[in-house]
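# Per-entry structural report
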Amino acid sequence: MTQFHAQPYDLSAAGFYFENAEEYKTKFKAARNSYGELVEEFEIQFIDGETIDAETCEAIGLYQNNILSIMEKLEEWSDHGKTNIILAVGECSYDFDAENDDPETYFDITIYNAETYRDLAYEMVEEGLFGDIPDHLENYIDYDAIARDLEIDYSEATVNGCNIIYNCH
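Below you will find a few notes about this structure.

## Regarding the sheet that holds strand β4 (residues 109-112)
Strand pairing in a sheet is mediated by backbone hydrogen bonds. Such pairs are either parallel or antiparallel. With respect to topology, 3 strands assemble into an open sheet ordered β4-β6-β5, the strand pairing being antiparallel. Both edges of this open sheet fall to β4 and β5 (155-159), since each of them pairs with a single strand only. In this sheet, neighbouring strand axes are inclined to one another by 35 degrees on average, regardless of whether the strands run parallel or antiparallel. Of the strand pairs in this sheet, β5 and strand β6 (residues 162-168) are connected by 5 bridges, and their pairing is antiparallel. For Ala157, the partnering residue across the bridge sits in β6 and is Ile164.

## Notes on the nonpolar core
Core analysis: the biggest nonpolar cluster contains 34 residues, and Phe4, Phe18, Ile44, Ile67, Ile85, Phe96 and Phe107 have the highest contact counts within it. Taken together, the elements giving at least two residues each to this core come down to β1 (3-8), β2 (16-18), β3 (42-48), α2 (51-60), α3 (67-76), α4 (79-91), β5 and β6. When neighbours within four sequence positions are excluded, Ile44 is seen to be in contact with His5, Ala6, Phe18, Tyr24, Leu62, Tyr63, Gln64 and Ile67. Counting residues in each nonpolar core, the second largest holds 13 residues, with Leu120, Ala121, Leu150 and Tyr154 among its members.

## What to know about the side chain of Lys82
Looking at where Lys82 falls in the secondary structure, it is placed in helix α4. The exposure class of Lys82 is buried, given its relative accessible area of 4%. Other than its neighbours up to four places away in sequence, Lys82 contacts Ile52, Asp53, Thr56, Leu74 and Trp77.

## Quick word on the packing of aromatic side chains
Scanning all chains against the criterion turns up 15 aromatic pairs. Arranged with centres 5.8 Å apart and planes meeting at 55 degrees, the rings of Trp77 and Phe96 form a pair that is tilted. Note that Trp77 is positioned in the loop between α3 and α4 and Phe96 in the loop between α4 and β4, a separation of 19 residues in sequence. Owing to a relative accessible area of 10%, Trp77 belongs among the buried residues under this scheme. A residue is classified by how much of its surface remains accessible, and Phe96, at 16% relative accessible area, is buried.

## Some details on a negative patch on the surface
The grouping of Glu115, Asp119, Glu151 and Glu156 at the surface amounts to a negative patch. Take Asp119: it is sitting in helix α5 (residues 117-126).

## With respect to the sheet that holds β1
Spatially, the 3 strands line up as an open sheet ordered β2-β1-β3, and their pairing is antiparallel. Two strands lie at the open edges of the sheet, namely β2 and β3, each paired on one side alone. Strand-to-strand, the axes of this sheet are offset by a mean angle of 25 degrees, without reference to chain direction. Pairing analysis gives 3 bridges linking β1 to β2, with the strands arranged antiparallel. Following the sheet pairing, His5 is matched in β2 by Tyr17.

## As for the environment of Ala98
On the secondary structure map, Ala98 appears in the loop between α4 and β4. On the accessibility criterion, Ala98 (8% relative accessible area) is buried. Separated by 13 residues in sequence, Ala98 and Ile85 place their C-alpha atoms 9.5 Å apart.

## Things to note about the packing of helix α1 (residues 21-30) against α3
In contact at an axis separation of 10 Å, α1 and α3 are set at 165 degrees when each is read in the N-to-C sense. Here α1 is positioned roughly antiparallel relative to α3, judged by the angle of their axes. α3 is crossed by α1, and the crossing has right-handed handedness. Touching Ala21, Tyr24 and Lys25 of α1 are Ile67, Leu68 and Met71, all from α3. Across the contact of α1 with α3, the residue classes tally to 5 nonpolar, no polar and 1 charged.

Rules used throughout
Residues numbered from 1 in each chain as written. Predicted model: local features only at pLDDT ≥ 70, side-chain atom pairs only at ≥ 80, totals over all residues. Heavy atoms only, no water. Pairing = 2+ DSSP bridges. Helix = DSSP H or I, 4+ residues; strand = E, 2+ residues; numbered from the N terminus. Axes fitted to C-alpha atoms, helices over the stretch in contact; angles between N-to-C directions. Core = buried A, V, L, I, M, F, W, Y, C linked by side-chain atoms within 4.5 Å. Buried < 20%, exposed > 50% of the residue type's maximum accessible area, 1.4 Å probe, protein only. Contact = heavy atoms within 4.5 Å. Phe/Tyr/Trp six-rings, centres within 6.5 Å; stacked < 30°, edge-to-face > 60°. Patch = residues over 30% accessible without salt bridge, like charges linked within 9 Å, V, L, I, M, F, W, Y side chains within 5 Å. Areas by Shrake-Rupley, 256 points an atom, 1.4 Å probe, with all protein chains shown as cover. Salt bridge = Lys/Arg side-chain N within 4 Å of Asp/Glu carboxyl O. Lys, Arg positive; Asp, Glu negative; His and termini not counted. Charge placed at Lys NZ, Arg CZ, Asp CG, Glu CD. Parallel < 35°, antiparallel > 145°, perpendicular 65-115°, else oblique. Left-handed = near helix turned anticlockwise from the far one by under 90°. Nonpolar A, V, L, I, M, F, W, Y, C, P; charged D, E, K, R; others polar.

Below is the structure:
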């Protein structure tokens, strides 16, 4: 279960933990400072949950105006969609409206699950992206040179504990 915390900006008020929308709404309405006044502004923090959810929340940003929809969407989005958000929004500065945009199709981003640029070079050669290479020339391919060239157009990030090489178009 994912846990969040609402930390009030009012120093005389106590924050609260919540795990779902109903709990958030109930505690939000009941929040009072030490003078008995309603507390209206909170900083929303991700406390505990899956790593990919934490990284997604960090990329999007948690605020009072989006926490309810983000909590709902975290249940709906696939890990691939969350990875797209983390890379495109968090790394490439794409705009994203969590309520209206589909993270599976919204971004123009290419993702490779390669540990290193050299691994990506091997993958691209095997896929035929450099054309057909005769068997007698395969031993002469400089994968390190290809990897250095790939570093110019691609970037590297760690998402959910896995190294990913990607390109934002």
